[in-house]
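# Coordinate analysis (summary)
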Amino acid sequence: MNFNLKGKTTQILELVSGTSKSTGNEWRKQSFVIETEGQYPKKVCFTVWGDRIDQLSALSVGTECDVQFRVESREYNGKWYTDLTASEIQAIG
């Protein structure tokens, strides 16, 4: 299930990369933060993986954007972690 959220880019975080311990495959991810509009604006952090990182080149701080994303949760050592993974990022205007 995909969701959609619009807002203004407030941060583009550093690229992170590594190697999977289980498969030995290389991976890359980068996160960015947008702030929604409205009476009670919210800051939301999204993660982009692999080749989709190239979509971030269209963004800079202050850019309005529309983000399609999916919500994923996973359990690790009895704790649950939730990620918002961006699948499509479009600059607006």
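Scroll up a little and you will see the structure.
A brief structural summary. Because the structure is predicted, anything quoted here is derived from the model rather than measured.

Rules behind the numbers
- Residues numbered from 1 in each chain as written.
- Predicted model: local features only at pLDDT ≥ 70, side-chain atom pairs only at ≥ 80, totals over all residues.
- Heavy atoms only, no water.
- 1 Å grid on protein atoms, 1.4 Å probe; cavity = no way out; pocket = protein on both sides within 12 Å on 5 of 7 lines; lining within 4 Å.
- Points joined across faces, edges and corners; volume = space filled by probe spheres on them.
- Helix = DSSP H or I, 4+ residues; strand = E, 2+ residues; numbered from the N terminus.
- Pairing = 2+ DSSP bridges.
- Phe/Tyr/Trp six-rings, centres within 6.5 Å; stacked < 30°, edge-to-face > 60°.

## Observations regarding the layout of surface pockets
- In this structure, the largest pocket occupies an estimated 180 Å³ of space.
- If you go around the largest pocket, the residues you meet are S20, K21, W27, K29 and W49.
- Considered as a void within the structure, the second largest pocket measures approximately 150 Å³ in volume.
- Forming the walls of the second largest pocket are K29, T47, W49, E72, S73, R74, D83 and T85.
- Among the elements of the structure, β4 (43-49), β5 (64-76) and β6 (79-91) are those that each provide at least two residues to the lining of the second largest pocket.
- No other element matches the three residues that β5 contributes to the lining of the second largest pocket.

## Let's talk about the pairing of strand β1 (residues 2-12)
- With seven bridges joining them, β1 and β5 adopt antiparallel strand pairing. Pairing of G7 across the sheet is with C65, part of β5.
- One ladder, built from four bridges, connects β1 with strand β3 (residues 26-35); its direction is antiparallel. By the bridge assignment for β3, Q11 is matched with V33.

## As for the packing of aromatic side chains
- A complete count under the given rule lists four aromatic pairs for this structure.
- An aromatic cluster of at least three residues, connected via ring pairs, comprises F3, F32, F46 and F69.

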